[in-house]
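Reading the structure
Below are the chains, spelled out letter by letter.
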Amino acid sequence: MSHVVIRGIPFATRLRAAKGGAKQLLEHDRARAKKFLAGKSHHTPLNALSSRIPSATSGGNSSIDVTDSGVTYTMQVGVGNPATQYTLLIDTGSSNTWVGADLAYNPTSSSQNTGNTINVSYGSGTMSGTEYTDTVTLGSSLVIQNQGVGVASSAQGFEGVDGILGVGPVDLTEGTVSNTADVPTVTDNLYAQGTISSNLLGIAYEPSSNAEVANGELTFGGTDSTKYTGTLNTVPLTTTSPASQYWGINQSVSYGTGQTILNTTAGIVDTGTTLLLLATEAFQAYQQATGATQDSTTGLLTITPQQYTNLQSLYFNIGNVTYEFTPNAQIWPRNLNSVLGGQEGQIYLIVSDLGSSFGSGLDFINGFGWLQRFYTVFDTENKQLSVATTAYTDADTN
């Protein structure tokens, strides 16, 4: 199986600005964080409960483009045979794949109704419906047979998209489908069916000031060495709960070279969270160090041009390797201030309050603002995560 990078998948991209601007975006992120803090047993409504990284040249991995749609990442996924194309959110914080939030499910000859119900809660949204198995097409070389696919009869909080492509740990599906122990993810099934040689997922994003551009890549079964610089730093997933139930790692965060604002602690890396969220004490230390004020319109921290000139880098220590998160990386793309309901030319920071105190077992969420600057690899088989710098780590795009 040779390495294939698929770049020609059609995209149905839309600007998904929150109707309530950044305040609604913050509410979404914090509601999601509360769900994470509650642990995986709360990932499903209670009434639904029932019973080593290969390189790109080593073969057996395929890559798919993803698109930055303002506040989330989406990709086109085919379901059925012939396939209907759905725009799905890519989510490392959940593991069920489902459709029907907007575009209705279209059963075909490959569709099988399991007769089981599915119920999933995301903190900022919920879905319920019926579990099917079907053919799922991520790309011409990435076709999955008999993939579990939820078909929503009710979905709230998913305006502008058709559902979720869940690529988190499979344990997060426990209790989501009746009469079912768990539901293998798309990555699990690609591996089990021999389509990819390793059960891992590489994610490369590029920062962009355009809300509707294909600017990322998912690599199933391997890594794309053209998407990162230097070497991959691999760390075991954290054992601290509840972060351990997701793609959780241990890290510390410093502002500048001399002020630690978050001692080494557990948290998660999550594509479904927009901002960079820190435990309340760390967020307050960051606000004080930057001199930022809270903007009444957006709810985000804002700084003046002079303060931006003096803004220091954040330094993330992960597995004894330090990663610089530059001043430009810390600000929302100014060309996309309208997505926030913000003012043109204003400087807004993407660092925000997690809404819980240090020591909760999940003290940070490295969301897509962070992911745009680093290459990450989620290794299910070996229960580890890898990080590397990219050509965009130091970019001045915002």
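Throughout this document, residue positions are counted from 1 along each chain, in the order its sequence is written. With the structure being a predicted model, the display of local features is reserved for residues of pLDDT at least 70 and the display and counting of side-chain atom pairs for 80 or more, all residues being used for whole-chain, interface and lining totals. The basis for every side-chain value is the complete set of heavy atoms in the structure, and neither hydrogens nor water enter the calculation.

What to know about the packing of aromatic side chains
Aromatic rings from Phe, Tyr and Trp, taking only the six-membered ring of Trp, are treated as a pair when their centres fall within 6.5 Å; an angle between ring planes under 30 degrees marks them as stacked, one over 60 as edge-to-face, and anything in between as tilted. For the coordinates displayed, the defined rule picks out 11 aromatic pairs. With centroids separated by 5.0 Å and ring planes inclined at 85 degrees, the aromatic side chains of Trp 98 and Phe 158 adopt a geometry described as edge-to-face. Linking Trp 98 in strand 5 (residues 98–99) with Phe 158 in the loop between strand 8 (142–156) and strand 9 (163–166), this pair joins segments that are 60 residues apart in sequence. We note that Trp 98, like Phe 158, is buried. A centroid spacing of 6.0 Å and a plane angle of 85 degrees characterise the contact between Tyr 255 and Tyr 286, whose relative ring orientation is edge-to-face. Of the two residues, Tyr 255 is situated in strand 13 (residues 248–255) and Tyr 286 in helix 3 (residues 280–290); the sequence distance between them amounts to 31 residues. Think of it in three bands: residues with accessible area under 20% of the maximum for their type are buried, residues over 50% are exposed, and the middle band is partly exposed, with areas taken using a 1.4 Å probe on protein chains only. Classification of Tyr 286 as buried rests on a relative accessible area of 0%. Taken together, the ring pairs in this structure connect Phe 316, Tyr 323, Phe 325, Trp 370 and Phe 374 into an aromatic cluster. Secondary structure counts use DSSP, requiring at least four H or I residues in a row for a helix and at least two E residues in a row for a strand, with both numbered from the N terminus.

Regarding the environment of Ala 104
Of note, Ala 104 is situated in the loop between strand 5 and strand 6 (112–121). In this structure, the C-alpha to C-alpha distance between Ala 104 and Val 151, residues 47 residues apart in sequence, is 8.5 Å.

Considering unusual backbone geometry
Across the junction of Asn 81 and Pro 82, the peptide omega takes the value 5 degrees, indicating a cis bond. With respect to the helices, strands and loops of the structure, Pro 82 is situated in the loop between strand 3 (73–79) and strand 4 (84–91). Positive phi is not limited to glycine here, since Asn 146 has a value of about 55 degrees. As for its position among the elements, Asn 146 is in strand 8.

Focus on the sheet that holds strand 17 (residues 301–303)
Following DSSP output, two strands are said to pair if at least two bridges run between them. Reading across the sheet, the 3 strands line up as 16-17-20 and stay open at both edges, with antiparallel pairing between neighbours. The open sheet is flanked by strand 16 (293–294) and strand 20 (347–348), the only strands paired with a single partner. Sheet topology places strand 16 next to strand 17; 2 bridges connect them, and they run antiparallel. The partner of Thr 293 across the bridge, within strand 17, is Thr 302.

What about the confidence of the model for the protein?
Per residue, pLDDT captures the predictor's confidence, and it can take any value from 0 to 100. In this model, the protein carries an average pLDDT of 85, and 85% of its residues clear a pLDDT of 70 or more. Low pLDDT (under 50) marks residues 1–16, which in the prediction has 63 contacts with non-local residues, meaning those over four places away or in another chain. By definition in these notes, contact holds between two residues if any of their heavy atoms fall within 4.5 Å.

Regarding helix 3
Buried residues of helix 3: Thr 280, Ala 282, Phe 283, Ala 285, Tyr 286 and Thr 290, and no others. Once helix 3 ends, the next one or two residues include Gly 291, with phi positive near 75 degrees.

Topic: helix 1 (residues 21–38)
Here a helix's expected span is defined as the number of its residues, less one, multiplied by 1.5 Å. End to end, helix 1 covers 26 Å across 18 residues, agreeing with the expected 26 Å (1.5 Å per residue, within 8%). Of the residues flanking the end of helix 1, it is Gly 39, one or two places downstream, whose phi is positive at about 90 degrees.

Some words on the sheet that holds strand 14 (residues 259–269)
Strand order in the open sheet formed by 7 strands is 19-18-13-14-22-15-21, and the pairing between neighbours is mixed. Unpaired on one side and paired on the other, strand 19 (321–325) and strand 21 (351–353) mark the two borders of the sheet. Here the average twist between neighbouring strands, direction ignored, is 35 degrees. Pairing geometry for strand 18 (residues 314–318) and strand 19, over 5 bridges, is antiparallel. Paired with Leu 314 across the strands is Phe 325, a residue of strand 19. Angles run from 0 to 180 degrees between N-to-C directions of axes, and those axes are lines fitted to C-alpha atoms, restricted for helices to the stretch in contact. Packed onto the sheet, helix 1 meets strand 14, strand 15 (276–278), strand 21 and strand 22 (364–366) and runs at close to 60 degrees relative to strand 21. Relative to strand 14, helix 3 is tilted by about 135 degrees, and along the sheet it contacts strand 13, strand 14, strand 15, strand 18 and strand 21.

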